[in-house]
Amino acid sequence: MEISREHLAHNLLVLRQLASPQGDIMGVVKSQVYGHGVATAALLSSLGLRKFGVASLEEALDLKKSGVEGDIYILGGFFPWEAEAIVAEGFIPVVSQEEEFESLVKAAERQGRTARFHFKVDTGMGRMGCLPRNFTRSFFERLSLSPAVALCGVMTHFSSAEKDPEYTEWQFQKFLAFLKRWGFWGKSLEYHCANSAAFLVFPHMRLALNRIGIALFGVSPNGEPELAKSLGLKPVTSVRARVKLVKVLPPGFRVGYGGTFVTSRTSRVAVVALGYAQGLFRALSNNLEVLVRGKRAPVIGTISMDQVMVDVTHIEGVEKGDVVTFIGRDGEEEIRVEEVARRGKTIPHEVLCSFGRIRHRVFVE
Ligand SMILES: *Cc1c(COP(=O)(O)O)cnc(C)c1O
């Protein structure tokens, strides 16, 4: 995996400009920075990003070890036994239940520190967060008045920002109504609701804080490259592997496990060192194109654990050691994460996370 420093820096700049002047960006760097490794979070930190979102305490600890500066938010909730460490490390957890909240208060009181936290309301995602109807006056008073803890923000999360504008607007209005109903609105709190999709498509949902994951990597959250391109975001990630063997197979010869591909002509086939163990979905067997010497070439046969076969009959001079591009540019041609997601019938997020299994990562200009 090659990670472009220049494109990452460029995207961060573009996104921060879109967020300003009213707000800032939280880089959502869960799942090892969407498969790019925690060193990429350290790079974002060196580029000036000061707010990072992760899913769990474990991820927050990994991130801190990598040397990022600034605030680390735990977006995915926590267990009571994790509260001590969260407070001791100064992480900012997102709270959605009273039980979670009380464990945080206890830990903060025991340690004699003020624990910062955010509160999450569920406006229609049906995952973490407190339903507005279950938010009571007594919980509100505990949240606002407990001296050992400091409420620093209120958030919600959209379920369908990449494909359902009406539902997203409905959730947004519910969020605003909740903030106003309880007097949170207009205080100096960090309000946030937008993920990449909402942030890019609905400017009025850009608030004090914006939780941006996939767009940092120049990838469209809705799988349509045009969205990222139109905002000037540039792809950060390339995935490449080398040809290990080139051989000529006669017509009628089976290729790969299960013989799911049979040559129809004399074919030149390259065996390439990437497979499902490195994150190349097996479901992409016989349904993927890669770049070899600047040209598109089809994957043939079933993808193996560490290898895949590519038909290079139409490409001159392919030899052992050649670099094959699965994601990224080669000459005039480009394969984007969105294309692989579409072929794999999934979202770009899952493609990037999956390639997180690759061990060898390098930063390039
Ligand atoms: C993952 C996540 C995001 C970021 O989503 P993207 O589509 O990658 O921008 C934002 N908020 C929460 C709560 C998340 O879990």
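Cut-off values and rules
The written sequence of each chain sets the order in which its residues are numbered from 1. At least 70 in pLDDT is required for a residue's local features to be given in this predicted model, at least 80 for side-chain atom pairs to be given and counted, and no such filter applies to totals for whole chains, interfaces and linings, which use all residues. As a rule here, side-chain values come from all non-hydrogen atoms in the structure, and water together with hydrogens is ignored. Burial here depends on accessible area, computed with a 1.4 Å probe over protein chains only, as a share of the maximum for the residue type. Under 20% is buried, over 50% is exposed, and the range in between is partly exposed. In this text, helices come from DSSP runs of H or I with a minimum length of four residues, and strands from runs of E with a minimum of two, each type numbered from the N-terminal end. The contact rule is simple, with two residues in contact once any of their heavy atoms fall within 4.5 Å. Start and end points for every domain follow an automatic or database-based domain assignment. Salt-bridge detection follows one rule: a side-chain nitrogen of Lys or Arg within 4 Å of a carboxyl oxygen of Asp or Glu. Expected helix span is computed as 1.5 Å times (number of residues minus one).

Comments concerning helix α3 (residues 38-46)
Here's step 1: Taken residue by residue, α3 has Thr40, Ala41, Leu43, Leu44 and Ser45 as its buried positions.
Here's step 2: Buried-residue contacts for α3 involve β1 (2-4), α1 (5-19), α2 (30-35), β3 (51-54), α4 (57-65) and β19 (362-364).
Here's step 3: A positive backbone phi angle near 105° is found at Gly48, which sits one or two residues after α3.

Points about the environment of Leu352
Here's step 1: If you trace the backbone, Leu352 turns up in helix α12 (residues 348-354).
Here's step 2: Measuring from C-alpha to C-alpha, the distance between Leu352 and Val219 comes to 9.8 Å, with 133 residues separating the pair along the chain.
Here's step 3: Look past the residues within four positions of Leu352 in its chain and what remains in contact with it is Tyr34, Gly35, His36, Ile214, Phe217, Val219, Thr237 and Val337.

Here we look at unusual backbone geometry
Here's step 1: Here the amide bond leading from Ser20 into Pro21 is cis, since omega sits at 5°, within 30 degrees of zero.
Here's step 2: Backbone geometry places Tyr34, a non-glycine residue, at a positive phi of 50°.
Here's step 3: By secondary structure assignment, the location of Tyr34 is in helix α2.

Overview of the domain arrangement of the chain
Here's step 1: Its domain assignment divides the chain into domain 1 (2-230) and domain 2 (238-364).
Here's step 2: Between the C-alpha centres of domain 1 and domain 2 the distance comes to 36 Å.
Here's step 3: Between domain 1 and domain 2, the contact holds 24 residues from the first and 15 residues from the second.
Here's step 4: Our count for the domain 1 to domain 2 interface comes out at one salt bridge.
Here's step 5: Residues Arg240 and Glu2 are paired through a salt bridge, measuring 3.1 Å at the closest nitrogen-oxygen approach.

Notes on helix α6 (residues 98-111)
Here's step 1: Taking 1.5 Å per residue as the helical rise, α6 with its 14 residues ought to reach 20 Å, and the 20 Å between its terminal C-alpha atoms agrees with that figure.
Here's step 2: Here α6 has its buried residues at Glu100, Phe101, Ser103, Leu104, Val105, Ala107 and Ala108.
Here's step 3: Residues of α6 that are buried make contact with α5 (83-89), β5 (92-95), β6 (115-120), α7 (137-145) and β7 (149-155).
Here's step 4: Immediately downstream of α6, the backbone of Gly112 shows phi near 65°, a positive value.

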